[in-house]
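Listed here are the chains, written in short residue letters.
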Amino acid sequence: MTSKKEWIAMLLAGGQGSRLYTLTRKIAKPAVPFGGKYRIIDFPLSNCVNSGIDTVGVLTQYQPLQLNEYIGNGQPWDLDRLSGGAFVLPPFQRSAGSDWYTGTANAIWQNSGFIERYDPKYVVILSGDHIYKMDYGKMLAFHKEKGSVATIAVLEVPMEEAPRFGIMNTNPDLSVYQFEEKPACPKSNLASMGIYIFDWPVLRRYLEADDADPNSSKDFGKNIIPAMLAAGEKMYAYPFDGYWKDVGTIDSLWEANMDLLNPAVPLDLYDPSWKIYSRNPVMPPHYVAPGAMVQNSMVTEGSEIWGTVDFSVIFAGVTVERGAVVRDSIIMPGAVIHSGAQVEYSIVAERADIGAGAVVGSRPEDMDDKDKWGVTVIGDCVRIGPGVTVEPKSMVDRDIRGV
């Protein structure tokens, strides 16, 4: 018999992440490696456990195999429970004929049966593609204190950037009176973080009505939140002032990894009171050879550094051979940078192979036309042949033979 829970979390992890291009050819965005030893989904999963949530439904859809395997029974996050735990929830064929999730709200509605098993009073809706540390318990306490039926986490953004976000317009007590999706002339700079706490019985009614509306986009921001506001439901914005990054683009993913090397950025991965858990392969300690140089970088277990690594994030099992140089770059698990190769301002995906003497990317100051500069991306398992030059801002998803 399934035990009743006060609250459970539903983690939306089915996004394709098309703006990450070659990095998400074969995996969903939440499964993209991050920070030397993590994957993006480790952050919301760890936040759940650290916040006291022991039941998490992970909704998958696009390229789910690696993500399903990675989550497994939830053991790395202490979510292998007899009552509750981590559950991977792919789309499924129902008697009514619905299968693929058609929007964020539809994804939750299709899994309402899973939620009902635990009969929760509150449901936390999360995205699986953001980097942040947050105590959802404090947000729930705020939700209860205000007597809210829907609480939306918000982050203050510069006013000039507000048109890029869904904006919550609030009264002085933080009650929400209007939601604007990417407004041209924003009244507020409180941007929705895509983190919600709902009273489940109330949310269930709106999801059911939304499912019956053939004109709905089945989306929380476009449909559910506006419908609740229009009906006069009590809704509040919960202000968050920590580090938060949407890593949905190549530039933002690169920036978030580089932020880990900046002591001024408040994303502390070494805080023992709020650990970020992950599923990691068992590997020997990393090795830095005599004559190698490593400066202001993160180097993970199983890596061998024979060359030069500067201001970079090196994942598990990476090899940087003698004479190779890696600067301002992210090298994902199992990649090899051969002797004499030069990698700058790049993301090199899992198990990629950069040939001897190859040049991948460059510093922006080395470009005559700054508009042509950008982060270079080498896809997973791609081989760059010896002596090849890969220009800045390139997206390489197939082998390039050597010169």
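As the structure is a computational prediction, the values presented were derived from the model and not from experiment.

**Student:** Would you take a moment to explain the sheet that holds strand β14 (residues 287-288) for this structure?
**Tutor:** Sheet strands pair via backbone hydrogen bonds, and the direction of the pair is either parallel or antiparallel. If you walk across this open sheet you meet the 6 strands as β14-β17-β20-β23-β26-β29, and the pairing is parallel. Of all the strands in the sheet, just β14 and β29 (383-384) have a single pairing partner and so form its edges. As paired elements, strand β20 (residues 319-320) and strand β23 (residues 336-337) share 2 bridges and run parallel to each other. Across the sheet, the residue bridging to Thr319 is Val336, located in β23.

**Student:** Hey, could you run me through the environment of Leu140 in this one?
**Tutor:** Its place among the elements puts Leu140 in helix α5 (residues 136-146). Separated by 56 residues in the primary sequence, Leu140 and Tyr196 have C-alpha atoms spaced 9.8 Å apart. Residue contacts for Leu140: discarding those within four places in its chain leaves Glu6, Trp7, Tyr122 and Ile197.

**Student:** Quick question: what am I supposed to make of the side chain of Asp219 here?
**Tutor:** Mapped onto the elements, Asp219 comes out in the loop between α6 (200-211) and α7 (220-230). Among buried Asp, Glu, Lys and Arg side chains, Asp219 stands out as unpaired, with Lys222 the closest opposite charge at 5.7 Å. Polar side-chain contacts of Asp219 include one of 3.3 Å to the side chain of Thr104. The contact partners of Asp219, leaving out residues within four places of it in the chain, are Thr104, Ala105 and Ile224.

**Student:** Explain the pattern of salt bridges here, please?
**Tutor:** Close approach of charged atoms allows side chains with opposite charge to pair. On inspection of all chains with the given rule, the structure shows 22 salt bridges. A salt bridge links Asp119 to Lys4; its shortest N-O distance comes to 3.1 Å. Of this pair, Asp119 sits in the loop between α4 (112-118) and β6 (122-127) while Lys4 sits in the segment before β1 (7-12), and the two are 115 residues apart along the sequence. According to the relative accessible area criterion, Asp119 is partly exposed, its value standing at 41%. Across the salt bridge formed by Glu233 and Arg205, the nearest N and O atoms sit 3.9 Å from each other. Linking Glu233 in the loop between α7 and β12 (235-240) with Arg205 in helix α6, this pair joins segments that are 28 residues apart in sequence. Connected through shared salt-bridge partners, Asp310, Arg327, Asp328, Glu344, Arg363 and Glu365 make up one network.

**Student:** Mind showing me how you'd approach the packing of α6 against α7 here?
**Tutor:** For any two helices packed against each other, one specifies the inter-axial angle together with the distance between the axes. Look at α6 against α7: their axes get within 10 Å of each other, and the N-to-C directions meet at 120°. As summarised for this structure, α6 and α7 are arranged oblique, according to the angle between their axes. Of the two possible hands of crossing, α6 and α7 adopt the one that is right-handed. Taken together, the residues of α7 that come into contact with α6 (itself represented by Val202, Leu203, Tyr206, Leu207 and Asp210) are Phe220, Asn223, Ile224, Ala227 and Met228.

About the thresholds
Residues numbered from 1 in each chain as written. Predicted model: local features only at pLDDT ≥ 70, side-chain atom pairs only at ≥ 80, totals over all residues. Heavy atoms only, no water. Pairing = 2+ DSSP bridges. Helix = DSSP H or I, 4+ residues; strand = E, 2+ residues; numbered from the N terminus. Contact = heavy atoms within 4.5 Å. Buried < 20%, exposed > 50% of the residue type's maximum accessible area, 1.4 Å probe, protein only. Lys, Arg positive; Asp, Glu negative; His and termini not counted. Salt bridge = Lys/Arg side-chain N within 4 Å of Asp/Glu carboxyl O. Polar contact = N/O pair within 3.5 Å; in protein donor to acceptor, adjacent residues only side chain to side chain. Axes fitted to C-alpha atoms, helices over the stretch in contact; angles between N-to-C directions. Parallel < 35°, antiparallel > 145°, perpendicular 65-115°, else oblique. Left-handed = near helix turned anticlockwise from the far one by under 90°.

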